[in-house]
Amino acid sequence: MDLGFMESVWWVFGRLFDKGLVYRGFKVMPYSTGCKTPLSNFEAGQNYKDVPDPAVMVSFPVVDDSDGAALVAWTTTPWTLPSNLALCVNPNLTYVKVRESVSKAVYIVAESRLSQLPGSKSSKVIEKFPGSKLKGSRYVPLFEYFSECSDVAFRVVADNYVTEDSGTGVVHCAPAFGEDDYRVCVENGIIKKGDDLVVAVDGEGRFKEKVTDFAGRYVKDADKDIVSTIKGKGRLVSTGTITHSYPFCWRSETPLIYMAVPSWFIAVETIKDQLLECNKQTYWVPDYVKERRFHNWLENARDWVVSRSRFWGTPLPIWVSEDGVETVVMDSVEKLEKLSGTKVTDLHRHNIDHITIPSSRGSQYGVLRRVDDVFDCWFESGSMPYAYIHYPFENVELFEKNFPGHFIAEGLDQTRGWFYTLMVLSTALFGKPAFRNLICNGLVLAEDGKKMSKRLKNYPSPMEVIGDYGADALRLYLINSPVVRAEPLRFKKEGVYSVVKDVFLPWYNAYRFLIQNAKRLEVEGLAPFSPLDVAALLKSSNVLDQWINSATGSLVSFVRQEMDAYRLYTVVPYLLKFIDNLTNIYVRFNRKRLKGRTGEEDCRVSLSTLYHVLLTTCKAMAPFTPFFTEVLYQNLRKVSDGSEESIHFCSFPSTTGQRDERIEQSVTRMMTVIDLARNIRERHNKPLKSPLKEMVVVHPDNAFLEDITGKLKEYVMEEMNVKSVVPCNDQLKYASLRAEPNFSVLGKRLGRDMGVVAKKVKEMSLDDILAFEKSGEVAISGHSLKLSDIKVVRQFKRPDNVSDNEIDAAGDGDVLVILDLRADESLFEAGLAREVVNRIQKLRKKSGLEPTDLVEVFIKPHDADKESLEKILNSQVQYITDALGSPLLPYTLASPKAVIVCQEEYTDVCGKSFAISIAKHTVVFGDALIAACSGNEEHAEAIRVYLLSRDLQSLKYEVQSGNGKIKVDCLDSYPSVELQVGKHFFLNVGESYLSTA
């Protein structure tokens, strides 16, 4: 830790001291006799062992009790009994006074713990009374070591920490050796907070001389003798041994004892109201941690012990005189140098512990020396907002502009740690919180629900997870988990894989589809891809362009909104839905446009739209997936002039003018209809490749029907492979209506009236339902119900004499979709065409072909199916050509010199058998070639050999640059000849075939 940081910590402490918030007192802490140092509670819990300890019941006669009764306390730490100053009972429990049948002794215990007394079954109950009655009673102490405290000690106090699940309901209090003991003794005036407390045990765990009977004995070793002494006094009621889990020092392996150690405190309790007020000024995610967990912690805050008996750490800046009268706190290096006359360059203990300060009272009072303690590390952490910039010694303006900090983020366990210390110090210093916003995460556990342990190796290596799936996938997995809502997460490596599968692969596939089709433009000899201006794209007449632009604007707006509210956990589900829409709606439904099947201009519009959507998505998601988005961005920026060098240099995208909720609603409606139609197909085992005759969409809202049968109609027809889509706003033609109460909405509001209202809603007639839908409101049993309160369920009403295998429907309670499942000859032909295209696409994929590879597809029907298959394919030629991007060619046209990439036989595809061959493009020559060579066959053959030897891509570029013509003048012995593509030769069989078709 550097000098500047430590000096700022001193300054913080000095300000608290000046405000009167620092005092010296005692704190009961787990103490290691082996290390001679107090440990934190966390350190104390590092090493527990099962050990046997003596358990004793001791009687404490109540002074002036008419029956001579004695309170009975039970303890497993007899060594603390010599330091007993009080007994504690629970004021709300019932206590009994009983007479033992044999010894006739009278004891007082909690009624529920009576069975713990020896001979309790034969004991006689004399009296019952609440624990509060015992408060203030005086008793006879076991030992006289602290007789000087008799005026205030050796009496009964009451506190709720005493429970009835163990012991006798009476707890003996030794304030030097128990946190609750110390607290209740302070609260009841037996000892005073801040005053010296006589601790009967030294730093080695041995009794001091004051405890004369056991002086010099290690406390654990003295237990047996203490029990014998108690027995000799006639005060031992019962004894035994109990084996329990006991904390041991993880350094020295010696048992810990809880002991009061001299400590320096921050008086937090005096500023509790200010802390609660400052907490109200902060915003937490999730908010319940602030409102409940943190609020309750502040409300019950105790004074904070900030000193630790260690060597390393920031030393407490307290110099005290030898007689303890004079105390000076150093709040700067300059002050220490001025008072000591010593140059200070390092504030660690070994460089300042020797520095003394002359007493201001004169030389006869000696010098002031620094106390041995160092700061609790949480004090340093809480000082972070000031110390990291060496405030107030430097950067005053910087601090004042940025305090309170905009946000902090840490784990739920910091509610009582860093969050708390930040709040305490900033409130004490400035009367305001140290932060404006706070993100609180839960704990990441192993898959089995246990804490992750290096020893148990119950979790995968983080580097292994990152190596397998990437840092971005791990980041999104955690962001999308309960851990960002301050809840525990059972970490599963499979969950990270799901993020890759569900988010990154579809996202990357959309990006790859863009790149492939942008490159295709150049392969086809067109101008290289350059994205069109966004302003021009926003004017696109294509409904899906309008929709995806709006959906992208909604994504950006949503991410900005959620990040402003620091809600990380809402972003990934929204992104997941957006990526799904991008790939399964925009890219899937626009394949023809993106592949150039609808013309070059339309292709460039759709590609540019996809480009800007991907670019905007990358910018919006860069904070969440910094590596993945950077990779995509570095390629996307190549076609955009003036772009930033890194995506992390880009501003967050704007949403101005990009959102259209109406168009987003339209596409959502389309997908609802498509999903319902898919359900019908799946139910009847009708694959999408099988065309259907008709789809009817039933909805009372004409705007809904216009969405489906207007601009979106072609997408519905193509996606669901139906020949026509028919709108119907007469909901009674195909459906019956019934009303159902929305229990989730009405239950909370109606309470006991829910049953009556629900019954009447279900009894609503058809006219009632129609009137309710029209008006949007209905009064039932004195309650006004809105459209959100009642679900109108539409059930399909099948036409007479029609089976469910012929016509079937599906609905979601709002819209009803009906499919005509009956087949005819035209549907069979269309279905076969789809099956053929499907086999070709799978064969391309199987062969590893890229979309930009120049190939031709040939089909060879088996002899028995030749005539019928050729007829069917000819009737579907337009669909096949659009789907493949090139015509499906008869195998008889394949050149003997063609290079076959792959081929496969297919049998019984819709009852037909055929073979598919995929070959590389081959130059084909027309009959006019010989005429161009003046009838010289040898010249023509030489040209054939020359052109067949050329790289097809470069030949294509030469033809395009020559406006469809090339000059062949490189053949020795033959004159130069100009050839025209489409007349003298063709660049592939398909062009030749189409020219004669």
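Values in this document were obtained by computation on a predicted structure and should not be read as measured data.

Caption draft 1: Looking closely at the sheet that holds strand 5 (residues 86-89). The strand order across the open sheet built from three strands is 9-5-10, with neighbouring strands paired in mixed fashion. Single-partner strands in this sheet number two, and they are strand 9 (155-158) and strand 10 (170-173). If you compare each strand with its neighbour and ignore which way they point, the axes differ by 35° on average. Sheet analysis places strand 5 next to strand 9, joined by four bridges and oriented parallel.

Caption draft 2: Quick look at the pattern of salt bridges. Applying the stated criterion across every chain yields a total of 49 salt bridges. Across the salt bridge formed by Glu719 and Arg678, the nearest N and O atoms sit 2.6 Å from each other. Within this pair, whereas Glu719 is found in helix 24 (residues 713-720), its partner Arg678 is found in helix 22 (residues 661-683), the two being separated by 41 residues in sequence. The class of Glu719 is buried, set by a relative accessible area of 6%. Put simply, Glu904 and Lys846 hold a salt bridge, and the shortest N to O gap is 3.1 Å. Linking Glu904 in strand 35 (residues 900-909) with Lys846 in helix 29 (residues 825-846), this pair joins segments that are 58 residues apart in sequence. Salt bridges here are not isolated pairs; linked through shared partners, they connect Asp65, Asp67, Lys97, Glu127 and Lys133.

Caption draft 3: Structural view of the sheet that holds strand 1 (residues 22-32). Pairing within the open sheet is antiparallel, and its four strands lie in the order 2-1-12-14. At either margin of the open sheet sits one strand with a lone partner, and together these are strand 2 (37-38) and strand 14 (304-305). As judged from the two bridges shared by strand 12 (residues 256-266) and strand 14, these two strands associate in the antiparallel manner. Its bridge partner lying in strand 14, Ile266 is registered against Trp304.

Caption draft 4: Focus on the pairing of strand 33 (residues 855-861). For strand 33, a buried count of six out of seven residues is recorded, marking the element as mostly surrounded by other parts of the structure. As judged from the seven bridges shared by strand 33 and strand 36 (residues 912-920), these two strands associate in the antiparallel manner. Paired with Phe858 across the two strands is Ser917, which belongs to strand 36.

Caption draft 5: Focus on the side chain of Ser426. With respect to the helices and strands, the residue Ser426 is situated in helix 12 (residues 418-430). Engagement of the side chain of Ser426 in a polar contact is seen with the backbone oxygen of Met423, the distance being 3.3 Å. Here Lys432 takes part through its backbone oxygen, which lies 2.9 Å from a polar atom of the side chain of Ser426. Sequence-distant contacts of Ser426, defined by excluding residues within four places in its chain, comprise Tyr386, Phe403, Gly431, Lys432, Pro433 and Ala434.

Caption draft 6: How the structure looks around the packing of aromatic side chains. Scanning all chains against the criterion turns up 41 aromatic pairs. When the centroid spacing of 6.5 Å and the interplanar angle of 55° are considered together, the rings of Trp304 and Tyr420 count as tilted. Note that Trp304 is positioned in strand 14 and Tyr420 in helix 12, a separation of 116 residues in sequence. The two residues Trp304 and Tyr420 agree in class, both being buried. Pairwise contacts between aromatic rings join Trp11, Tyr386, Tyr391, Phe399, Phe403 and Phe430 into one cluster. In this structure, Lys49 is placed above the aromatic ring of Phe248, and the distance from its NZ or CZ to the ring centre is 4.7 Å. Of note, Arg361 hangs over the ring of Tyr365, and the distance from its end group to the ring centre comes to 4.2 Å.

Caption draft 7: Quick look at the packing of helix 15 (residues 493-523) against helix 21 (residues 626-636). Look at helix 15 against helix 21: their axes get within 12 Å of each other, and the N-to-C directions meet at 5°. If you check the angle between helix 15 and helix 21, you find them roughly parallel. Residues Phe504, Trp507, Tyr508, Tyr511, Leu514 and Ile515 of helix 15 touch helix 21, and the partners they reach there are Phe628, Thr629, Leu632, Asn635 and Leu636. Along the lines of polarity and charge, the residues of the contact of helix 15 with helix 21 split into nine nonpolar, two polar and no charged.

Caption draft 8: Structural context of the nonpolar core. Counting residues in hydrophobic clusters, the biggest one holds 85 residues, and the most contacted among them are Trp507, Leu544, Trp547, Leu614, Met670, Met695 and Val697. Top element by residues in this core is helix 15. It accounts for 13 residues. Residue contacts for Leu614: discarding those within four places in its chain leaves Trp507, Ala510, Tyr511, Leu514, Leu582 and Leu636.

How each quantity is defined
- Residues numbered from 1 in each chain as written.
- Predicted model: local features only at pLDDT ≥ 70, side-chain atom pairs only at ≥ 80, totals over all residues.
- Heavy atoms only, no water.
- Pairing = 2+ DSSP bridges.
- Helix = DSSP H or I, 4+ residues; strand = E, 2+ residues; numbered from the N terminus.
- Axes fitted to C-alpha atoms, helices over the stretch in contact; angles between N-to-C directions.
- Salt bridge = Lys/Arg side-chain N within 4 Å of Asp/Glu carboxyl O.
- Buried < 20%, exposed > 50% of the residue type's maximum accessible area, 1.4 Å probe, protein only.
- Polar contact = N/O pair within 3.5 Å; in protein donor to acceptor, adjacent residues only side chain to side chain.
- Contact = heavy atoms within 4.5 Å.
- Phe/Tyr/Trp six-rings, centres within 6.5 Å; stacked < 30°, edge-to-face > 60°.
- Lys NZ or Arg CZ within 6 Å of the ring centre and 35° of its normal.
- Parallel < 35°, antiparallel > 145°, perpendicular 65-115°, else oblique.
- Nonpolar A, V, L, I, M, F, W, Y, C, P; charged D, E, K, R; others polar.
- Core = buried A, V, L, I, M, F, W, Y, C linked by side-chain atoms within 4.5 Å.

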